[in-house]
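Summary of the model geometry
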Amino acid sequence: MGPLQIKDILQTAPDNQSVVVKGWVRTKRESKNAIFIALNDGSTIHNIQAVAEPGQFSAELLLTVTTGACLKITGQLIASQGSGQTVEVKISDIEVYGTADPEQYPLQPKKHSLEFLREIAHLRPRTNTFGAILRIRHALAFAVHQYFNEKGFFYLHTPVITASDAEGAGEMFRVTTLDLNNLPRTDDGAINFKEDFFGREANLTVSGQLEGELGAMALSKIYTFGPTFRAENSNTTRHLAEFWMIEPEMAFFELKDNMDLAEDFVKKVITYALVNCKDDLSFLQNRLAEEEKNKPQNERSLPLLEKLAFVVDNPFERLTYTEAIDILLKSKPHKEGKFQFPVGWGIDLSSEHERYLVEKHFKKPVILTNYPREIKSFYMKLDDDGKTVRAMDVLFPGIGEIIGGSQREENYDKLLGRVKEIGIDPENLWWYLETRKFGTAPHSGFGLGFERLVQFVTGMGNIRDVIPFPRYPKSAEF
Ligand code: 4AD
Ligand code: MG
């Protein structure tokens, strides 16, 4: 089953046993008495140290052992002579799988900016920072599946290609096999999509929710976890054109149940990372502290592990949109005209408003509910006052909106009314509407932006650094 991983070798009691380690050179250091090679295979943030004697290998071979080269080292596992590690490998043989010319290899053992690393996304997983992020990302994804499995949810695979822009969540990416240089036309000159692959217009999905609801009306509790696509031209540190979303959908859940689930869910997956990714989180915590060391004390953020523990240990603040607007109207920045955007009942909260509530006023995650119907999606259940809907957004410090969800409108006539009101042709949604005709039930769900969660847990400032190969305007290189 392949060689032992460095993570496991580092945990092994040294007994002069023979070992084989394979990995990439992080550093090579030569002293009078020894040659030290630090090797990493990505299984852990820690390198294994391999030691050779001067003269043991030819100068020619040693010249090819440079940062980035890939090696197979055979030797004996011994107790480390130096400090910083408990075991090391006494080298008997080195096989160079692949060299990395130091003149050309862009990753040298020094600090590289995140911007630069984005330009070499094919190599950045080999850095400590990205290794840590990718391992944490994996752990969080695993925790998501584990959580829902234990709670009796079924993983439903909703389609990536869809023919309905039902969500209205943003601009969609078109999917077509038509020849763009020779488009088929109808008699009146319009593009004839009947000749396209699906016989109709198709797009990449912006959300699996609508199909998720179909699943919940049969299996009771489902979740999706898949890629979603939004062609909004937003060049922010919180938006990607391709991101992964987790969308649970539950029959017989009302808004309160939905909030309870969302809060428990994020706390449990963050706890999983705290328990299972200690070394990587500590590394990122130190990295952040290093980044902030020039900031004045009162502007520095909590150490990463403390911040995560705080979120796990404290109840989220829950309040209605209307209450939030009142707080904003009474706030200092509003009174002093410091907000860029106006505050008033009916506005779509902008990120400065959300951040004020979360970071300044409550200083903890906040769940806002019962938004005005005009600024939320057609499928959200109308409140009795007819003005608000049973929406809920979970807002996180430093991130803003991390979860958006709602109780769904289960009444056929009300839902049809909303569909027409916002100008969707009910014909396009006949299958969705039918769930309200045949055995409708109260139900709820939400969507968690996976990269925003990874951003929060890793403390990374830019969402482009928490997905291996980010997609954003003018960028799809790798
Ligand atoms: O609030 P949104 O648009 O909600 C939905 O799509 C619903 N269908 C979810 C549901 O009820 N099943 O998106 C949900 C979350 C946001 O809170 C945010 O975390 C994330 O998805 N998100 C993005 N993440 C990265 N890049 C983008 N462009 C994102 N747009 C939304
Ligand atoms: Mg939203």
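Residues numbered from 1 in each chain as written. Chains lettered and ligands numbered in written order. Predicted model: local features only at pLDDT ≥ 70, side-chain atom pairs only at ≥ 80, totals over all residues. Heavy atoms only, no water.

1. Digging into the sheet that holds strand β9 (residues 202-204)
Ordered in space as β7-β9-β8, the three strands form an open sheet in which the pairing is antiparallel. Either end of the sheet is taken by a strand with one partner, and the two such strands are β7 (161-162) and β8 (174-175). In this sheet, β9 lies alongside β8 in antiparallel orientation, the contact comprising two bridges. Note that in β9 the partner of V175 across the bridge is A202. (Pairing = 2+ DSSP bridges. Helix = DSSP H or I, 4+ residues; strand = E, 2+ residues; numbered from the N terminus.)

2. Considerations on the site of ligand 1
Taken together, 24 residues surround ligand 1, and among them Q209, R230, E247, E401 and I402 come closest. Residue Q209 places a side-chain N or O atom 2.7 Å away from a nitrogen atom belonging to ligand 1. In this structure, G404 approaches ligand 1 through a main-chain N or O atom, which is 3.4 Å from an oxygen atom. Considering ligand 1 on its own, with 630 Å² of exposed area, one finds that the protein chains cover 92% of that surface. The biggest single contributor to the shell around ligand 1 is strand β15 (residues 400-407), with five residues. Looking at the shell around ligand 1 residue by residue, the classes come out as eight nonpolar, eight polar and eight charged. (Near = heavy atom within 4 Å. Polar contact = N/O pair within 3.5 Å; in protein donor to acceptor, adjacent residues only side chain to side chain. Areas by Shrake-Rupley, 256 points an atom, 1.4 Å probe, with all protein chains shown as cover. Nonpolar A, V, L, I, M, F, W, Y, C, P; charged D, E, K, R; others polar.)

3. Examining the pairing of strand β14 (residues 388-396)
In terms of burial, β14 is a largely internal element, nine of the nine residues being buried. Examined bridge by bridge, strand β13 (residues 366-372) and β14 share six bridges and lie antiparallel to one another. The partner of T369 across the bridge, within β14, is M392. Looking at chain direction, β14 and β15 are connected through six bridges and run antiparallel. Its bridge partner being in β15, D393 is matched across the sheet by G404. (Buried < 20%, exposed > 50% of the residue type's maximum accessible area, 1.4 Å probe, protein only.)

4. Quick notes on the environment of V266
Residue position: V266 is located in helix α6 (residues 255-276). Along the sequence, V266 and A143 sit 123 residues apart, while their C-alpha atoms lie 9.9 Å from each other. In this structure, V266 is in contact with F316, F396, I403 and L448, ignoring residues within four places of it in sequence. (Contact = heavy atoms within 4.5 Å.)

5. Things to note about the side chain of D41
Topologically, D41 is positioned in the loop between β2 (35-40) and β3 (48-52). Within the buried core, D41 has no salt-bridge partner, and the shortest N-O distance to an opposite charge, that of R135, equals 7.1 Å. A polar side-chain atom of D41 sits 2.9 Å from the main-chain amide nitrogen of I6. Reaching out from D41, the side chain makes a polar contact with the side chain of S43 at a distance of 2.6 Å. Those residues in contact with D41 that lie beyond four places of it in its chain are Q5, I6, K22, G23 and W24. (Lys, Arg positive; Asp, Glu negative; His and termini not counted. Salt bridge = Lys/Arg side-chain N within 4 Å of Asp/Glu carboxyl O.)

6. Some thoughts on the packing of helix α4 (residues 128-150) against helix α7 (residues 278-292)
Helix packing geometry: the angle between the two helix axes and the distance between the axes. Where α4 meets α7, the closest approach of the two axes is 9 Å, and the angle between their N-to-C directions is 135°. The angle between α4 and α7 places the two elements in the oblique class. The handedness of the crossing between α4 and α7 is left-handed. Each of N128, T129, A132, I133, R135 and I136 in α4 lies in contact with α7, whose residues at this interface are D280, L281, F283, L284 and R287. The class makeup of the residues in the contact of α4 with α7 is six nonpolar, two polar and three charged. (Axes fitted to C-alpha atoms, helices over the stretch in contact; angles between N-to-C directions. Parallel < 35°, antiparallel > 145°, perpendicular 65-115°, else oblique. Left-handed = near helix turned anticlockwise from the far one by under 90°.)

7. A short note on the sheet that holds strand β4 (residues 70-79)
In spatial order, the strands read β1-β2-β3-β5-β4; together these five strands close into a barrel with mixed pairing. Along the sheet, successive strands turn relative to each other by an average axial angle of 55°, direction set aside. Pairing geometry for β3 and strand β5 (residues 87-98), over two bridges, is parallel. Its bridge partner being in β5, A50 is matched across the sheet by V89.

8. Here we look at α4
With 23 residues, α4 extends 33 Å between its outermost C-alpha atoms, agreeing within 8% with the 33 Å of an ideal straight helix rising 1.5 Å per residue. One or two residues past the end of α4 sits G152, with phi positive at roughly 80°. (Expected span 1.5 Å × (residues − 1).)

9. Remarks on a nonpolar patch on the surface
A grouping of V160, I161, F197 and F198 is seen on the molecular surface, where their side chains present a nonpolar patch of about 380 Å² in accessible area. With respect to the secondary-structure elements, F198 resides in the loop between β8 and β9. (Patch = residues over 30% accessible without salt bridge, like charges linked within 9 Å, V, L, I, M, F, W, Y side chains within 5 Å.)

10. Looking at the packing of aromatic side chains
Think of a pair of aromatic rings as described by two things: how far the centres are apart, and how the planes are tilted against each other in angle. Scanning the entire structure with this criterion turns up 19 aromatic pairs. Each ring, one from F225 and one from W244, has its centre 6.1 Å from the other, and the planes form 85°; the classification is edge-to-face. With F225 in strand β10 (residues 221-229) and W244 in strand β11 (residues 242-251), the pair connects residues that are 19 residues apart, well separated along the chain. Under the relative-accessibility criterion, F225 is labelled buried at 8%. With a centroid separation of 5.8 Å and an interplanar angle of 85°, the aromatic rings of Y321 and W345 are classed as edge-to-face. Within this pair, whereas Y321 is found in helix α9 (residues 321-330), its partner W345 is found in the loop between α10 (332-335) and α11 (351-362), the two being separated by 24 residues in sequence. Since its relative accessible area comes to 39%, W345 is described here as partly exposed. Feature note: the residues Y147, F148, F153, Y155, Y223, F265 and F446 constitute an aromatic cluster, connected by ring pairs. (Phe/Tyr/Trp six-rings, centres within 6.5 Å; stacked < 30°, edge-to-face > 60°.)

11. Overview of the domain arrangement of the protein chain
Assigned domains within the protein chain: domain 1 (6-108) and domain 2 (126-171 + 206-465). At the junction of the two partners, domain 1 supplies ten residues and domain 2 supplies eight residues. Carbon and sulfur atoms supply 48% of the area that domain 1 and domain 2 bury against each other, a total of about 750 Å² over both sides. Its largest share of buried area at the contact with domain 2, domain 1 owes to R26, I45 and L107, together 61% of the area lost on that side. For the pair domain 1 and domain 2, the number of links is zero salt bridges. On the surface where domain 1 and domain 2 come into contact, there are six residue pairs in polar contact (both at pLDDT 80 or more). Its residues assigned to classes, the side of domain 1 that touches domain 2 comprises four nonpolar, five polar and one charged. (Domains from an automatic or database assignment. Buried area = accessible area lost by both parts, 1.4 Å probe.)

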